[in-house]
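Descriptive structure summary
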Amino acid sequence: MYSPFPTEIAYHYCLILKRRLQEGFLKLEQVTRLSAERAGQGVMLGTLVCSDSENNRIVLCASSGISKKMILSSDKNQTEWISGGEKFILVPPVVSAEEIDKALKKNDGEIHRLTDLINSSDKDSVSELKEKRKKLCDESLEEVRKLYGFNTVFKSSYSLAGTQLPTGTGDCCEPKLFHYALSQGLKPVSLAQIFYEEAGSGNSRREGCGEDGQSRLSPGERLLPLKTEYVPPCDERCGFLLPKMLGLEVLYCDRFIVVVNKPSGLLSVPGRGEEKQDCVVKRVKALYGDLCLIEQPSVHRLDMETSGILVLAFTEEAHRNLSAQFEKGTVHKEYVALLEGVLEKQAVGELAPKRGEKEGCIKLKFRLDPENRPHQIYDEVYGKEGITKWKNEGLVWYEAPDNTKTKATKIRFFPETGRTHQLRLASADKHGLGLPIIGDSLYGHCSEGQRLMLHAEKITFRHPINDRLMTFEKKGDF
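Quick caveat: nothing in here was measured; it's all calculated off a predicted structure. (Residues numbered from 1 in each chain as written. Predicted model: local features only at pLDDT ≥ 70, side-chain atom pairs only at ≥ 80, totals over all residues. Heavy atoms only, no water.)

Remarks on empty space enclosed by the protein
- Applying the stated rule across the entire model yields two cavities of 30 Å³ or more.
- The calculated volume of the largest cavity comes to roughly 50 Å³.
- Along its surface, the largest cavity is lined by H300, I309, K333, E334, Y335, A456, E457, K458 and I459.
- For the lining of the largest cavity, the secondary-structure elements that each account for two or more residues are β13 (332-339) and β18 (454-462).
- Ranked by residues supplied to the lining of the largest cavity, first place goes to β18 with four residues.
- Its residues placed into classes, the lining of the largest cavity shows four nonpolar, one polar and four charged.
- Estimated volume of the second largest cavity: approximately 30 Å³.
- Every residue along the wall of the second largest cavity is listed here: S268, V269, V280, S298, H300, L310, V311 and L312. (1 Å grid on protein atoms, 1.4 Å probe; cavity = no way out; pocket = protein on both sides within 12 Å on 5 of 7 lines; lining within 4 Å. Points joined across faces, edges and corners; volume = space filled by probe spheres on them. Helix = DSSP H or I, 4+ residues; strand = E, 2+ residues; numbered from the N terminus. Nonpolar A, V, L, I, M, F, W, Y, C, P; charged D, E, K, R; others polar.)

Encoded structure:
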């Protein structure tokens with residue numbers, strides 16, 4: 001996953017952290033029993049640069065995992081130091097190794113006993129023993145997950161209890177750093193991590209590279225030196241946990257823009273009334289208070305029921321540039337939707353495809369119905385034209401919240417304009433395809449617990465500052 005915050009400043013402090021370890025000012029202390037398979041393995045070093053209520057810079061530092069603890073060589077109990085007028089803080093793990101050992105201890109003896117029996121028994125009699133061992137292991141893992149509760153941006157807590165996330169979730173640098181920052185009321189500014197191995201470890205892994213030796217740099221990290229050690233947050237653990245803590249799934253962020261994956265049911269911008277204040281814009285401003293320099297960062301919107309990619313700007317210059325790109329129609333967007341039924345057989349609209357037609361273009365004029373807000377209605381005279389290209393991607397099975405399954409048409413939309421409800425109307429209106437999107441509460445049918453099956457999957461635009469072509473793609477959950 002991409003870093004949810006700009007990386008340049010924090011990367012600089014990661015290198016300082018590495019140098020402090022090499023010089024002996026800091027050291028990594030082994031706090032758990034060292035297993036043979038983990039001997040010589042390196043760790044991630046992470047820093048989260050924050051500002052406090054008085055705008056002082058605070059540098060939070062962490063290492064990954066629970067087996068090693070980063071300490072000051074002069075005093076292992078000291079967790080802070082001042083350097084160059086800046087405060088550095090060694091962040092503790094969310095859950096200590098001692099707490100985890102205590103949670104595992106209850107079933108540990110019986111698990112070892114069953115393992116010995118399995119190893120000494122014939123093949124015909126081990127299945128029941130293995131099932132008993134698995135049950136105990138699952139119970140132990142759940143006891144460990146119950147220990148992990150994370151602070152979030154919105155003053156709530158997120159627990160790993162009841163999840164099936166991989167072992168070690170919550171022990172990466174990023175969740176440790178954010179958990180601590182949120183508990184202390186600090187405002188995050190920059191986040192980065194690097195791979196570090198102690199001298200003589202024998203680990204040949206190249207820092208900042210995958211198993212194939214290729215750079216792991218995200219597209220937005222090209223401002224860093226060419227030979228960089230930066231490593232983005234992991235997909236399998238942080239990719240799930242960080243959005244829960246931050247309130248948003250961040251696909252990209254730098255000092256000028258942020259790209260997020262909006263969930264269905266969340267407004268893009270604030271609505272009228274207290275109950276409609278939670279939205280992407282409010283969450284972005286809460287999360288990026290020190291980066292977002294304008295009151296209204298939104299440059300385009302998605303309907304509340306629609307999920308998918310949104311781009312927001314942090315500065316006036318970036319906002320003007322992106323808004324102009326959308327207005328000129330140079331931003332390329334792709335949406336995926338599921339329609340109610342078989343397009344070639346059940347669509348009844350004037351522009352419904354004929355037999356064998358797999359793609360087409362819909363041009364329709366719509367305007368607001370003032371007596372039935374927020375509905376849009378077809379109006380050839382006063383309506384504004386919406387242009388939508390489409391491509392039929394075939395039939396899929398759709399499973400409703402009540403577990404019933406029906407055939408649905410998967411369709412890809414390529415809107416060339418950005419009218420309100422454009423894709424929903426192109427699908428449902430009798431002048432268009434005449435087949436609504438599944439879960440459309442305005443122009444179709446929406447059952448209890450059902451969502452609109454429309455997702456903004458891909459977007460391409462030019463970076464508002466450096467003019468670099470950027471493409472983001474995020475698959476929907478249907």
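That shown, we press on.
Points about the side chain of H179
- With respect to the helices, strands and loops of the structure, H179 is situated in helix α4 (residues 173-183).
- Among residues more than four places away in sequence, those in contact with H179 are V94, G149, F150, N151 and M245. (Contact = heavy atoms within 4.5 Å.)

Re the layout of surface pockets
- Its boundaries defined by the atoms lining it, the second largest pocket holds a volume of some 1,700 Å³.
- Forming the walls of the second largest pocket are 41 residues, and the residues nearest its centre are R301, L302, D303, T420 and H421.
- Among the elements of the structure, α7 (316-328), β13, β17 (405-415) and α9 (422-428) are those that each provide at least two residues to the lining of the second largest pocket.
- Here the lining of the second largest pocket is composed, by residue class, of 16 nonpolar, 13 polar and 12 charged.

A few points about α4
- Burial within α4 is extensive, with nine of its 11 residues counted as buried.
- Residues of α4 that are buried: C173, E174, P175, K176, L177, F178, H179, Y180 and A181.
- Positioned one or two residues after α4, G185 has a phi angle of 70 degrees, which is positive. (Buried < 20%, exposed > 50% of the residue type's maximum accessible area, 1.4 Å probe, protein only.)

What about the pattern of salt bridges?
- Applying the stated criterion across every chain yields a total of 25 salt bridges.
- The partner of R113 in a salt bridge is E110, and the shortest N-O contact between them spans 2.8 Å. Of this pair, R113 and E110 are both found in helix α2 (residues 97-120), three residues apart, which corresponds to roughly one turn of the helix.
- Among the salt bridges present, the one from D477 reaches R451, with a minimum N-O distance of 3.0 Å. Remark: R451 occurs in the loop between α9 and β18 and D477 occurs in the segment after β19 (469-473); sequence separation between them is 26 residues.
- Since its relative accessible area comes to 17%, R451 is described here as buried.
- The structure contains a network of salt bridges with shared partners spanning E334, E393, R412, E457, E473 and K475. (Salt bridge = Lys/Arg side-chain N within 4 Å of Asp/Glu carboxyl O.)

Some details on the nonpolar core
- Core analysis: the biggest nonpolar cluster contains 86 residues, and L60, V258, Y288 and F413 have the highest contact counts within it.
- Beyond its immediate chain neighbours, meaning those up to four positions away, V258 contacts V250, Y252, C253, V284, Y288, L310, V311, L312 and F314.
- One finds L26, C61, M70 and L72 within the second-largest nonpolar core, a separate group that totals 23 residues. (Core = buried A, V, L, I, M, F, W, Y, C linked by side-chain atoms within 4.5 Å.)

Some remarks on the packing of α2 against helix α3 (residues 126-147)
- Their axes nearest at 9 Å, the elements α2 and α3 cross at an angle of 175 degrees. Taken together, the axes of α2 and α3 are roughly antiparallel relative to one another. Touching E99, I100, A103, L104, N107, E110, I111, L114, T115, L117 and I118 of α2 are V126, L129, K130, K132, R133, L136, C137, E139, S140, E143, V144 and L147, all from α3.
- Across the contact of α2 with α3, the residue classes tally to 13 nonpolar, three polar and seven charged. (Axes fitted to C-alpha atoms, helices over the stretch in contact; angles between N-to-C directions. Parallel < 35°, antiparallel > 145°, perpendicular 65-115°, else oblique.)

Side note on the pairing of strand β11 (residues 257-262)
- Burial analysis of β11 places six of its six residues in the buried class, which makes it a mostly covered element.
- Bridge count between strand β10 (residues 249-253) and β11: four bridges; the pairing is antiparallel. Counterpart to Y252 in the pairing with β11 is V259.
- Between β10 and β11, which pair antiparallel in sequence order, lie three residues.
- Taken together, the six bridges between β11 and strand β12 (residues 307-313) define a ladder with antiparallel strand orientation. Across the sheet, the residue bridging to V259 is V311, located in β12. (Pairing = 2+ DSSP bridges.)

What to know about the pairing of strand β3 (residues 57-63)
- For β3, the buried fraction is high: six of the seven residues fall into the buried class.
- Here strand β2 (residues 43-51) hands over to β3 after five residues, with N55 in that stretch at a positive phi of 65 degrees.
- By the bridge criterion, four bridges tie β3 to strand β6 (residues 86-90) in an arrangement that is parallel. By the bridge assignment for β6, I58 is matched with K87.

A word on the packing of α4 against helix α5 (residues 238-246)
- For the pair α4 and α5, the least separation of the axes is 10 Å and the interaxial angle reads 10 degrees. Overall, the two elements α4 and α5 adopt an arrangement that is roughly parallel. Only C238, L241, L242, M245 and L246 of α5 make contact with α4, whose side of the interface consists of E174, P175, F178, H179 and L182.
- Counted by class, the contact of α4 with α5 contains eight nonpolar, one polar and one charged residues.

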